[in-house]
Amino acid sequence: MMLPDDGLSGGVLFTGGMIVGKLLLQEVASVRFQLIEGAAGSGKHVIRGEFAKSDVPTANNRLYPRKIWEREINKLRSSIEGRKVFCEADHPSDGKTKLARSCGILTNLELTEDGTVMGEIELMNTTAGKEVKAICEAGGAVGVSSRGYGSTSVNETRYRDWE
């Protein structure tokens, strides 16, 4: 499941143009979401889960410090509140989020005291949204991917720091 691409968020980022001198960095984590039923009769389904962890190496051997997550979550705050951050099922081969493949809307993204990036997605009544809901109901794990433009450097512990 993808988030948009304007910075770094736990899986859905805004589609944007190429930023000169920066690399497109992508991270994927497997998440077992908690399916939260919406208000009675609302038909809404919300999933909640861990999108990332600050200061812990990713599968790509990168470290994203807490201050980076705080900055990027703050950048996304108004778009999240405006319901402008769409999630898509599957990882796009071109790296761009497409509305036609949307499965949900990111409704909350927060950094907990222990550095966990928790997110909530309201699933949409699309084919992709129904498929993600079915996977979550069955107890399956769904991948969450985050993308952002930035640069990396190798630190003393041999992990790649994101800037």
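Let us look at the structure shown here. (Residues numbered from 1 in each chain as written. Predicted model: local features only at pLDDT ≥ 70, side-chain atom pairs only at ≥ 80, totals over all residues. Heavy atoms only, no water.)

What follows is about the overall build of the protein chain. Along its length, the protein chain carries two helices and 12 strands. The helix and strand sequence of the protein chain, counted from the amino end, reads β-β-β-β-β-β-α-β-β-β-α-β-β-β. Here the protein chain holds 163 residues, and the buried ones make up 45% of them. By sequence separation, contacts in the protein chain at least 24 residues apart represent 64% of the contacts at least 6 residues apart. Carbon together with sulfur atoms contributes 51% to the accessible area of the protein chain, which is approximately 8,300 Å² in total. (Helix = DSSP H or I, 4+ residues; strand = E, 2+ residues; numbered from the N terminus. Buried < 20%, exposed > 50% of the residue type's maximum accessible area, 1.4 Å probe, protein only. Contact = heavy atoms within 4.5 Å. Areas by Shrake-Rupley, 256 points an atom, 1.4 Å probe, with all protein chains shown as cover.)

Our focus in this paragraph is the sheet that holds strand β4 (residues 34–37). Taken together, five strands build an open sheet; the order of strands is β4-β5-β9-β8-β7 and the sheet is antiparallel. Single-partner strands in this sheet number two, and they are β4 and β7 (86–88). Sheet twist, expressed as the mean angle between neighbouring strand axes with direction ignored, is 40°. Sheet topology places strand β8 (residues 102–111) next to strand β9 (residues 116–123); seven bridges connect them, and they run antiparallel. When the bridges of β9 are listed, G104 appears paired with L123. Across the sheet, helix α1 (residues 66–81) lies against β5 (45–53), β8 and β9, angled at about 130° from β8, the strand it touches most. Its contacts with the sheet place helix α2 (residues 127–137) against β4, β5, β8 and β9, and it is angled at close to 60° to β8. (Pairing = 2+ DSSP bridges. Axes fitted to C-alpha atoms, helices over the stretch in contact; angles between N-to-C directions.)

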